[in-house]
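# Survey of secondary and tertiary structure
One-letter residues, chain by chain:
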Amino acid sequence: MDFLPLIIALFALTASVASSIAALINSNTAKNNLNEVMENNRRALRPFLIIKSKEINLTFDSDEPRHLFNWDSETLIFDDYSITSVSYIEMSNISNGIAKNVLVKITIRNEDALINGITNSASDLILEISEDNQLYVTYEHMMYGNHSFDVEPIFMKFIAVEKGGTYKIPLPSAFIILYNMLFLNNPGVRINDMPYLEIIIEHEDIIGTKYKHEYIFSAHSYHAVSGEVSTVNAIFDIKEKN
């Protein structure tokens, strides 16, 4: 009988330890479940913004006065050294989360090789970029004159980009001009030597977490057929920057 209190105490201690272990296991399980729920919520809230690829089909009529076309088949009009254009790329949100305070920065890269190639191959055309980041297009014939286009990065802001929404972002005029000059003069520049766009997208989710995506928008392939009426088919791809 003297061992009975000890046995009871041992049973009580064992039960207490078992209860503590069970509570600890339940606590860890609950914590893991909570973390999983929070991670799922974070993923659900996270926006994901992409830039779409672009296919371009152009026709140039050699019987018409010297002019250019933009990538949406609208005429680029030279008027008092300015340009009108509606060419654009498309940005979409492919996630469920809303992106807010969206900032898009577009910068032209790798333009020198194309400028040199066009300038060396064209008999009446000179392209050059000045120290103040202006692309100058000069025709030897006075009737066409000299035109300049800004090469500085483009910045665009959006308050919010919703799920499934498509938002149009104008392309830099200098970028359009360079490729139209290429398609008109076809100097044989390699794909790797062509200009491309570096696109940086910064944004937040609805709880203020910040994100940043970096993309490269570049020519994947193009096919030009020259003649009295020249036609061009070009594919521009988008990929994440390494």
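These remarks concern the structure in this document. Treat the numbers as computed from the prediction; the structure is a model and nothing was measured. (Residues numbered from 1 in each chain as written. Predicted model: local features only at pLDDT ≥ 70, side-chain atom pairs only at ≥ 80, totals over all residues. Heavy atoms only, no water.)

## Regarding the packing of helix α2 (residues 112-121) against helix α3 (residues 173-185)
Here α2 crosses α3 at 40°, and the two axes come no closer than 10 Å. The orientation of α2 relative to α3 falls into the category oblique. Relative to α3, the crossing made by α2 is left-handed. Of the residues in α3, those touching α2 at L114, I115 and I118 are L178, M181, L182 and N185. Looking at the contact of α2 with α3 residue by residue, the class counts come to six nonpolar, one polar and no charged. (Axes fitted to C-alpha atoms, helices over the stretch in contact; angles between N-to-C directions. Helix = DSSP H or I, 4+ residues; strand = E, 2+ residues; numbered from the N terminus. Parallel < 35°, antiparallel > 145°, perpendicular 65-115°, else oblique. Left-handed = near helix turned anticlockwise from the far one by under 90°. Contact = heavy atoms within 4.5 Å. Nonpolar A, V, L, I, M, F, W, Y, C, P; charged D, E, K, R; others polar.)

## What to know about the sheet that holds strand β10 (residues 154-161)
An order of β2-β14-β13-β12-β6-β10 is seen for the six strands of this open sheet, with the pairing classed as antiparallel. Looking at which strands have only one partner, the edges of the open sheet turn out to be β2 (54-61) and β10. The sheet shows a mean angle of 20° between the axes of neighbouring strands, taken without regard to direction. Packing against the sheet, α3 makes contact with β2, β6 (99-109), β12 (196-204), β13 (210-225) and β14 (229-240), and its axis sits at approximately 55° to β2. (Pairing = 2+ DSSP bridges.)

## Quick notes on a negative patch on the surface
Together, E131, D132, D150 and E152 line one region of the surface with negative charge. What makes D150 partly exposed here is its relative accessible area of 43%. (Patch = residues over 30% accessible without salt bridge, like charges linked within 9 Å, V, L, I, M, F, W, Y side chains within 5 Å. Areas by Shrake-Rupley, 256 points an atom, 1.4 Å probe, with all protein chains shown as cover. Salt bridge = Lys/Arg side-chain N within 4 Å of Asp/Glu carboxyl O. Lys, Arg positive; Asp, Glu negative; His and termini not counted. Charge placed at Lys NZ, Arg CZ, Asp CG, Glu CD. Buried < 20%, exposed > 50% of the residue type's maximum accessible area, 1.4 Å probe, protein only.)

## Section: the nonpolar core
Judged by nonpolar contacts, the single largest core of 48 residues is most densely connected at W71, M91 and I199. Sorting elements by how many residues they give to this core places α3 first, with nine residues. When near neighbours in sequence (up to four residues on either side) are disregarded, I199 contacts I51, I89, V104, K105, I106, H213, E214, Y215, F217 and I238. (Core = buried A, V, L, I, M, F, W, Y, C linked by side-chain atoms within 4.5 Å.)

## Topic: the pattern of salt bridges
The full count for this structure, using the stated rule, is six salt bridges. Among the salt bridges present, the one from E214 reaches K241, with a minimum N-O distance of 3.9 Å. Of this pair, E214 sits in strand β13 while K241 sits in the segment after β14, and the two are 27 residues apart along the sequence. Using a relative accessible area of 28% as the deciding quantity, one classes E214 as partly exposed.

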